[in-house]
Amino acid sequence: MTLSSLSKQPIDESIIREQVLSTDNHDGRHFNTNFILSDAEKILRLGMGTTEEVLVEKLNQVVELDNIYEQLSYHIRQVSIEIVSGLNAKMANQQHSTTIGILRKLCWYSWEDKMVLMLAAFSIIYGGYILLDSRLCKGVPKLGGLAKKLGSLIQNNLVETPPSYVQKVVVDCLNSMLELTKCVVELKQCPYYSPPPSVVLALPMATYWIATTLINVSAACACDTQHFKVHHQNELEELTTLIAKILATFSPELTKKKAEESFQILRHAWYYNSSNRVELFKLIFNVKDDDEEIFKRDFWHGLNYWRDHQTDLLLITSGFDISHEQIDFLNWYYGNASPYIIWIPIMKHNATWTSEDEHHFEKVKEKMCDLFWLNDPQKRLLPQFPRFVKEELFPKFKMRWGEEAILVSIDRKGRIVHPNVMHMILTWAHYIQENTIGVQRLYNITPLIEKEVKEGTSGVNRVVPEIDQMIRDFLHNIEDRINAWASSIESKIQEVQDQSTPYHSDREKDLWQQETTWSLHLLAPKFQSYQAIGGLINDWIQEEKYIFLYGGNDIKWVQEFTSKVREVGSKIQLNIELVYVGRNKKIRRIIDEKRMTHSPLHNSKSIWWFWTRLRSMFLSRIHYLDVTNCLVKEYNNDEILQGLKKLLAYESTNTTIEGWALLSKGAKVIVCGHGTKMLQVMNEYQIWKENIAPKGFGQAFKDHHDMIFMNRHSCCTLEYPINLDQIPENETCHECSRSMHKFLTFTCCHGHDVDSDKA
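Read on for an overview of the structure. Model, not experiment: these values are computed from the prediction. (Residues numbered from 1 in each chain as written. Predicted model: local features only at pLDDT ≥ 70, side-chain atom pairs only at ≥ 80, totals over all residues. Heavy atoms only, no water.)

**Quick notes on the overall build of the protein chain**
Thought 1: Secondary structure assignment for the protein chain yields 31 helices and eleven strands.
Thought 2: The 759 residues of the protein chain split such that 50% are buried.
Thought 3: Contacts in the protein chain between residues far apart in sequence, at least 24 positions, make up 76% of those at least 6 positions apart.
Thought 4: Summed over all atoms, the accessible surface of the protein chain reaches about 36,800 Å², with 50% contributed by carbon and sulfur. (Helix = DSSP H or I, 4+ residues; strand = E, 2+ residues; numbered from the N terminus. Buried < 20%, exposed > 50% of the residue type's maximum accessible area, 1.4 Å probe, protein only. Contact = heavy atoms within 4.5 Å. Areas by Shrake-Rupley, 256 points an atom, 1.4 Å probe, with all protein chains shown as cover.)

This is the structure in structure tokens:
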């Protein structure tokens with residue numbers, strides 16, 4: 001960064017840097033940098049943007065600024081003197097000495113603060129040039145002490161009318177210095193960002209060239225036009241180019257700093273506090289005002305629409321990768337629970353959308369009947385939000401591009417209260433919004449009080465004939481006070497609930513605490529499930545029937561097992577219900593055609609719901625055990641988790657087992673096992689039939705099942721989703737108790753059909 005035009009023998013850069021660093025003795029002092037820089041910029045901009053017309057009011061503002069600078073450290077005045085003293089410098093080494101002198105006078109300040117103080121000092125000189133211009137002094141009642149002090153400083157160097165301050169080259173140079181100084185100051189004032197070493201190392205020389213440039217600009221302003229063109233134009237143009245190069249070093253870091261600041265503000269609002277959801281949305285979406293229409297479902301909505309609605313769920317997808325089944329389920333769920341769901345696609349790339357992207361976006365929108373979607377996400381999403389999703393939300397679930405969508409729940413203040421409620425709503429559906437908090441009315445207390453009062457006033461009616469009426473009034477008053485108290489408590493509960501959301505981690509915890517045993521109700525919920533089996537088997541549960549849920553990929557095993565269950569059931573005159581819930585659509589079709597047994601999961605949608613729900617229940621249960629700090633031993637022995645794990649292992653897409661079955665009596669699960677073993681129990685019915693009478697069919701079946709030892713069995717697999725927080729290092733087989741091998745599998749199903757064609 002040397003200027004060959006300033007001298008025939010330029011000073012070596014390494015020597016300059018060594019001398020510049022020797023002037024620094026920063027002692028930690030600081031001041032209101034923004035205040036001083038703002039005032040200095042006002043004066044400089046006044047001159048830079050003025051031609052022949054200058055308002056008197058603006059000139060008076062410059063005069064008033066003189067009083068402000070009077071209250072600042074005398075260092076600014078000292079630097080002003082140094083700058084003016086450099087007007088006579090003709091050679092580069094003379095300018096260099098003046099520059100070093102300026103830096104020595106500011107040795108106690110940081111490099112950023114030095115720049116600000118030098119600009120403030122120069123603004124006094126520059127403001128004086130404006131005020132002393134005879135063409136601009138008309139209408140200014142009093143110039144104050146600024147012009148007088150300036151006249152004594154520049155002595156005979158200032159011509160009567162200095163036109164050079166309006167020259168384009170001077171304006172360009174001042175603009176460059178201002179931009180550089182503002183850039184480094186803003187970089188310094190970010191608590192979340194630390195400039196890289198390259199920027200820190202560049203600061204001393206940037207400060208040096210700011211000082212050198214100010215000396216040159218001051219000299220250019222103090223000479224006539226002809227002299228300016230000959231002696232100063234090249235120097236200022238070269239300095240402007242130099243400053244621009246230095247700025248190019250800082251500008252990218254300033255952009256990073258601003259992005260980091262915006263990101264941290266958004267992060268704080270999401271995790272800790274924002275005033276309300278609308279303010280949070282302003283940190284996410286690019287909007288001009290709160291009424292600007294950016295969301296659409298049945299019609300357009302602005303941000304103000306969300307001020308009064310209680311439930312906000314953000315459906316976040318990686319690109320447009322969301323299955324038809326998920327969209328259908330969310331549309332169905334809205335019809336039953338009416339949450340407000342906003343779909344936000346986050347693209348892997350930040351480039352302009354292609355025509356293919358636009359086509360996919362439109363196709364997905366068409367399917368979202370009851371979901372809100374964002375108008376023009378590429379334009380509306382501020383860059384800090386995709387970054388937040390990629391760095392904070394996706395890693396929380398170890399998500400990859402092209403994997404599952406997440407459903408983020410936020411409260412009325414815009415804080416995250418559940419980072420992915422998708423598993424929660426798939427598991428609990430109608431139960432989520434049920435209000436389980438309330439005051440149990442104390443109606444039973446009145447008869448007790450009445451009894452006590454009457455016993456305590458026995459015989460009083462002979463003296464006080466109206467005692468019975470007095471007792472009735474007293475009891476009525478007590479009832480009123482109890483009811484008023486209960487209503488007050490319920491009102492406070494309702495107020496809290498109005499400010500919250502049912503889609504909260506605590507609500508998920510409460511729901512799991514109500515489920516203490518592994519039961520058929522978890523597989524077939526009590527309510528009529530979405531395209532599933534809840535309504536089919538709940539009557540059987542009420543009747544305490546024996547129920548086999550079973551699945552598999554081998555039609556021969558399915559036919560043999562079904563036939564054997566029917567045979568045994570007829571021998572003992574027991575109506576045993578069989579329900580095929582496997583994912584193999586070929587077997588399902590054969591069962592339906594031959595009417596072998598019940599097959600309620602009759603299409604891809606119902607298959608998707610049933611097995612996706614069990615998988616979500618599995619993940620939700622793991623989350624519940626984690627948040628309740630469950631001990632490792634209890635975690636591994638958790639009956640519900642192990643039951644879900646066994647079913648998912650049996651029906652995994654990569655399993656090689658021919659079949660599996662679960663036996664229950666009513667809602668109670670009796671045994672769940674490998675198909676070969678379950679069929680062997682039925683084939684050996686003659687061995688254990690004598691135990692049916694004393695023990696019952698279920699217990700007799702289980703005892704014989706547990707007694708059978710299998711030397712060989714088909715391999716089963718357990719697929720942990722990669723978006724699980726903690727994937728165990730070791731897993732044991734549920735059949736042979738040996739350690740299972742861990743593989744990395746890439747599976748492509750596009751989310752369109754979860755049915756298996758394996759046979």
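**Brief notes about the packing of aromatic side chains**
Thought 1: All told, the structure shown has 35 aromatic pairs when counted by the stated rule.
Thought 2: Consider the rings of W611 and W660, whose centres lie 6.3 Å apart with planes at 85 degrees: the pair is edge-to-face. Taken together, the residues W611 in helix α25 (residues 604-627) and W660 in strand β10 (residues 659-665) connect sequence positions 49 residues apart.
Thought 3: Put simply, the rings of Y546, F548, Y550, W557, F561, Y580, Y685, W688, F697 and F701 touch in pairs and so form one group of aromatic residues. (Phe/Tyr/Trp six-rings, centres within 6.5 Å; stacked < 30°, edge-to-face > 60°.)

**A short note on the sheet that holds strand β11 (residues 668-674)**
Thought 1: Ordered by their spatial adjacency, four strands build an open sheet running β9-β8-β10-β11, and the pairing between neighbours is mixed. Every interior strand has two partners, whereas the edge strands, β9 (577-580) and β11, have only one. Between one strand axis and the next, the sheet turns by 20 degrees as a mean value, whatever way the strands run.
Thought 2: Here six bridges tie β10 to β11, and the two strands are oriented antiparallel to one another. When the bridges of β11 are listed, L662 appears paired with C672.
Thought 3: In the packing of helix α31 (residues 697-707) onto the sheet, the strands contacted are β8 (546-552), β10 and β11, and the crossing angle to β11 comes to about 30 degrees. (Pairing = 2+ DSSP bridges. Axes fitted to C-alpha atoms, helices over the stretch in contact; angles between N-to-C directions.)

**Brief notes about helix α20 (residues 505-513)**
Thought 1: Listed in full, the buried residues belonging to α20 are R507, E508, L511 and W512. Seen along its axis, α20 keeps its buried residues to an arc of 135 degrees; they face one direction.
Thought 2: Residues of α20 that are buried sit in contact with β7 (416-418), α17 (422-428), α21 (520-523), α25 and α27 (639-650). (Arc of directions from axis to C-beta.)

**Points about the pattern of salt bridges**
Thought 1: Summed over the entire model, instances satisfying the criterion amount to 28 salt bridges.
Thought 2: One salt bridge in this structure joins K105 and E82, with 3.8 Å as the shortest N-O distance. Here K105, found in helix α5 (residues 92-105), pairs with E82, found in helix α4 (residues 74-85); they are 23 residues apart in sequence, far enough to count as distant.
Thought 3: A salt bridge links D290 to K282; the shortest N-O distance between them is 3.1 Å.
Thought 4: Among the charged side chains, a network of salt bridges with common partners joins E186, K257, K258 and E261. (Salt bridge = Lys/Arg side-chain N within 4 Å of Asp/Glu carboxyl O.)

**Some points on the nonpolar core**
Thought 1: Within the largest apolar cluster, 70 residues are counted, with the highest numbers of intra-cluster contacts made by L315, L330 and L662.
Thought 2: Of all the elements, α25 adds the most residues to this core, at twelve residues.
Thought 3: Setting aside residues no more than four positions away along its own chain, L330 makes contact with L315, I322, I341, L371, L407, M422 and I425.
Thought 4: Formed by 60 residues, the second largest nonpolar core is a distinct cluster that contains Y109, I210, L214 and V217. (Core = buried A, V, L, I, M, F, W, Y, C linked by side-chain atoms within 4.5 Å.)

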